[in-house]
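Per-entry structural report
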Amino acid sequence: MGAKKFTAFAVVSTMVFTLATANVSAAPSEQPPKAKKMAVLEKLSKQSKGKEKVAWNKEKGVPTFVTGKLSDKQAKTPADVKKIVEENKALFNMDSASSELSLISQEKDSLGFTMYKYQQVYQGVPVFGNELIVHTDKNGTTTSINGYYDPEVKTAGLNTKATLSLAQALNKAKASEGVANVSKFDIQKGKLHVYETEKGDYRLVYVITLSTLEGKQPVYADLFVDAHNGAIVHKIDKVNHAAATGTGTGVLGDTKTLNTDSYSSGYYLRDITKPMYSTGGKIETYTANYGTALPGTLLTDADNVWTDRAAVDAHYYAGKTYDYYYNKLGRNSFDNRGATMKSTVHYSRNYNNAFWNGTQMVYGDGDGRQFTSLSGALDVVAHEITHAVTERTAGLVYEYQPGALNESFSDVLGNLVENKNDPKWLLGEDVTTPGIAGDALRSMSNPNEYDQPDHMNEYRNLPNTREGDWGGVHINSGIPNKAFYNFVTTPGITKDNAGKIWYRALTQYLTSYSQFIDARNATIQAATDLFGANSLEATAVANAWASVGVGSSGNNGGSGDAYEPNDSMSAAKAMSSGTTYNGLISSATDEDWFKFTPSTSTYLSLSLTNLPADYDLYLYNSAGTLLARSEYAGTSSESIAGTIQGGATYYVKVVGYNGAMSTTKPYALKATY
Ligand code: TI1
Ligand code: ZN
């Protein structure tokens, strides 16, 4: 209904009203009563001996409450009552009580009063929200009339013959609620009404009531379907929500308390207790029922004792993650604006993963060998939700170093939210290989244990394909993971402070193509902002990165090249066969030198790949004589191959062509012999 303005129940005596109308221009918001209306008011006042009270609906110029002696006559039947309304109809700008009012109910109360409730109708069609109640006392004297009557309906010229059938309107309503294909409804009904969508805009509508639990979300609502054009002009959600507390069993068989939402016939797996609920934000948990359609069906339960273990944990742990971000980091949900957090469990069959799909979290149940239901681990849940945070902040691209940082931030926050006393800083230990105790998917203290590098000198150059894990995002994440582990285990550093620094770096400093060296610089700056430039934190961060080969130790701004200084033949860094060396040509004049000594005469193949710019590659002997060069244009890879002598030392030089350089993207150099 249009925003109606009502007078507060300020009671205006007709005496005052009469005075006011004698001076009409002083009260512009009140319509001047017509002569007939005035006559009714004066009669009312006389009959009531001045004790009458009238409250007005200013917008429509009619009373909402009239108390007083409305008639000399007694009323004992609805027909009598209608006559009394007819006698007073001018007060309501009503044309005909008999054709505009239709009796809904009649009831006598313990005081002997009888109330007659009338529906306003226009050409026989009820006018939504407009009912008048006439009250008579035990003697049949009319004591008051109250409610809403809209005198303007009849001026709108509305066609009250519906274009759509009720069946067509039901289909429109079902489609708008996403339950077009549902067959079982607890309620599906509709009735024609006249409805004022906004001031003066009257529509003929079917008010359709739908109630079903068979859709993706339970539906219980009134939909107002325009009976001429099928538009949904209004919706009233009738599901009554109330926060409730249930209990559930988690993936590992533990019992926990759950925040749920009670409604008329059961409970939803929906948490409406978080601070974000003040702006509508909720935590909701759905099931895909072993299919892949998302979000699937919102979970419901009749007795608030929940047995879907994957769902219990997805829901409970999403709440824990919200709490960590809100209480420790001051972030209100993943978008920091209180967005609803949705999770879907039982995604597909035997699905050994969990992910954030851009709008929600999704959890497989695992195949029972590699994983059990992935929502059973708080670090997995916080890992996925952190992807949503990263997406809304740094926006780290999911490939190569930015992708490995993206994964690493998810692992770091995963473990911080989990907050276990776990000296190994394991990931996924609660759901990995249910048959094997003590293992995990990754380890931040010792990434090597799960085939991840823990230093730049082990950085893996993998292709940007699914098989290549998008350039090793779950592989090279071992390096920043280890840097965080080094930092958080430095004496004097607390988990909370480490979390604040990493979070500040992620949200304030990193950008979409940030490299490891940028994460180093960002975390040093974040530590400096929070704790000061010479703080233990700032120094410990720099050292933590230096020890994994990202930048130099000490809080002095590192180059990000673990092999520097190696700018001359005499400063060449030793390399060994088969190892990849990731270095930076960090200025127009930087040159990087490496050396190696094969024990026997053999065949050499030397490659320089991952070029951010036009770099060239040279091979020298120990006398400084150039043996071979590779000077392809652009960023094509460089390579040199040939036979080399045992016992001789060879020198490799990498330079940027014509000043080419990059302070962020490392090249990959490898000698195999
Ligand atoms: S974000 C998600 C990538 C999934 C891609 C497939 C669509 C991811 O990183 N998932 C985590 C799940 C996880 C997290 C498991 C912490 C255990 C601990 C992950 O690491 N997945 C591994 C199996 C992977 O994708 O290689
Ligand atoms: Zn991930």
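Since this is a predicted model, take the numbers as computed values, not measurements.

The full count for this structure, using the stated rule, is 23 aromatic pairs. Ring geometry for W425 against F484: centres 5.8 Å apart, planes inclined by 70 degrees, an arrangement best described as edge-to-face. Here F484 lies in helix α10 (residues 478-488) and W425 lies in the loop between α8 (400-418) and β22 (426-427), a separation of 59 residues in the sequence. For the pair W425 and F484, a shared accessibility class is recorded, and that class is buried. When the ring of W593 is compared with that of Y620, the centres are 5.2 Å apart and the planes differ by 35 degrees; the resulting orientation is tilted. Taken together, the residues W593 in strand β26 (residues 591-596) and Y620 in strand β28 (residues 615-621) connect sequence positions 27 residues apart. One aromatic cluster is present, built from ring pairs that chain together W425, F484, F487, W502 and W545.

What follows concerns the site of ligand 1. Lining the immediate environment of ligand 1, one finds 15 residues, of which N353, H387, E407, R442 and H474 sit closest. One of the side-chain nitrogen or oxygen atoms of E384 is found 3.3 Å away from a nitrogen atom of ligand 1. Within the side chain of R442, one N or O atom sits 2.8 Å away from an oxygen atom of ligand 1. Summarising the interface, the protein chains cover 81% of the accessible area of ligand 1, which totals 600 Å² for the free molecule. Under a 2 Å grid-point criterion requiring more than half of the atoms, the pocket assigned to ligand 1 is the largest pocket.

In an ideal octahedron of six donors the angles at the metal are 90 or 180 degrees, and in an ideal tetrahedron of four donors they are 109.5 degrees. Ligation of the zinc ion (ligand 2) by protein atoms is provided by H383 (NE2), H387 (NE2) and E407 (OE), these donors lying 2.1 Å from the ion. Sequence spacing of the donors to the zinc ion (ligand 2): H-x3-H-x19-E. Separated by four residues within a single helix, H383 and H387 lie in helix α7 (residues 378-392), roughly one turn from each other. For H383, a relative accessible area of 6% puts it in the buried group. Residue classification places H387 among the buried residues on the basis of a relative accessible area of 11%.

Gaps between atoms show up when a probe of the same size as a water molecule is rolled over them. Computed from the structure, the largest pocket encloses a volume of approximately 780 Å³. Considering the residues around the largest pocket, the lining is formed by 27 residues, among which N353, A354, Y398, E407 and H474 are closest to the centre. Of all the elements, α7 adds the most residues to the lining of the largest pocket, at six residues. In the lining of the largest pocket, the residues fall into 11 nonpolar, eight polar and eight charged.

We now examine the pattern of salt bridges. Per the stated rule, a full pass over the model turns up 28 salt bridges. As a salt-bridge pair, K73 and E87 come within 3.5 Å of each other at their nearest N and O atoms. Taken together, the residues K73 in the loop between β2 (62-67) and α3 (78-88) and E87 in helix α3 connect sequence positions 14 residues apart. Since its relative accessible area comes to 52%, K73 is described here as exposed.

A word on the sheet that holds strand β27 (residues 602-609). If you trace the four strands from one edge of the open sheet to the other, you get β25-β32-β27-β30, paired in antiparallel fashion. Among the strands making up the open sheet, the edge pair consists of β25 (580-583) and β30 (638-644). On average, each strand axis in the sheet is inclined to that of its neighbour by 15 degrees, with strand direction left out of account. Pairing between β25 and strand β32 (residues 667-672): four bridges, direction antiparallel. Residue pairing in the sheet places N582 in a bridge with A668 of β32.

Overall, the predicted model of the protein reaches an average pLDDT of 91, with 93% of residues at or above 70. Considering only residues more than four positions removed or in separate chains, one finds that residues 1-31, a stretch of pLDDT under 50, has 52 contacts.

With that settled, the discussion passes to the side chain of E407. By the element assignment, E407 lies in helix α8. One polar contact links E407 to H387, side chain to side chain, over a distance of 3.0 Å. Not counting chain neighbours up to four residues away, the residues in contact with E407 comprise H383, H387, Y398, R442, V473, H474 and S477.

Think of an α-helix as 3.6 residues a turn; residues three or four steps apart then line up on the same face. Helix length check: helix α11 (residues 495-509), at 15 residues, gives a terminal C-alpha distance of 20 Å against a target of 21 Å (1.5 Å per residue), a fit within 8%. Within α11, the full set of buried residues consists of N497, A498, G499, I501, W502, Y503, A505, L506 and T507. The secondary structure elements touched by the buried residues of α11 are α6 (309-329), α7, α8, α10, α12 (516-531) and α13 (536-546).

Here α3 has its buried residues at V81, I84, V85 and N88. For α3, the arc enclosing every buried residue in end-on projection is 100 degrees, short of the 170-degree limit, so these residues lie on one face. Among the structural elements, α2 (35-47), α4 (97-100), β3 (101-108), β4 (114-122), β5 (125-136) and β6 (142-147) are those in contact with the buried residues of α3.

Residue P295 is bonded to the preceding L294 through a cis peptide linkage, with omega at 5 degrees. Tracing the backbone shows P295 in the loop between β15 (283-287) and β16 (297-298). Phi at N419 is positive, roughly 50 degrees, even though this residue is not glycine. Here N419 is to be found in the loop between α8 and β22. Although it is not a glycine, D469 sits at a positive phi angle of roughly 50 degrees. Within the fold, D469 resides in helix α9 (residues 469-472). Residue D469 is classed as buried on the basis of its relative accessible area, which comes to 15%.

In this section: the pairing of strand β10 (residues 232-237). Pairing geometry for strand β9 (residues 219-226) and β10, over five bridges, is antiparallel. Bridged to V225 within β10 is I232.

Criteria and thresholds
Residues numbered from 1 in each chain as written. Chains lettered and ligands numbered in written order. Predicted model: local features only at pLDDT ≥ 70, side-chain atom pairs only at ≥ 80, totals over all residues. Heavy atoms only, no water. Phe/Tyr/Trp six-rings, centres within 6.5 Å; stacked < 30°, edge-to-face > 60°. Helix = DSSP H or I, 4+ residues; strand = E, 2+ residues; numbered from the N terminus. Buried < 20%, exposed > 50% of the residue type's maximum accessible area, 1.4 Å probe, protein only. Near = heavy atom within 4 Å. Polar contact = N/O pair within 3.5 Å; in protein donor to acceptor, adjacent residues only side chain to side chain. Areas by Shrake-Rupley, 256 points an atom, 1.4 Å probe, with all protein chains shown as cover. 1 Å grid on protein atoms, 1.4 Å probe; cavity = no way out; pocket = protein on both sides within 12 Å on 5 of 7 lines; lining within 4 Å. Sits in = over half its atoms within 2 Å of the grid points. Donors = N, O, S within 2.8 Å, 3.2 Å for Na, K, Ca; no water. Points joined across faces, edges and corners; volume = space filled by probe spheres on them. Nonpolar A, V, L, I, M, F, W, Y, C, P; charged D, E, K, R; others polar. Salt bridge = Lys/Arg side-chain N within 4 Å of Asp/Glu carboxyl O. Pairing = 2+ DSSP bridges. Axes fitted to C-alpha atoms, helices over the stretch in contact; angles between N-to-C directions. pLDDT = per-residue confidence, 0-100. Contact = heavy atoms within 4.5 Å. Expected span 1.5 Å × (residues − 1). Arc of directions from axis to C-beta.

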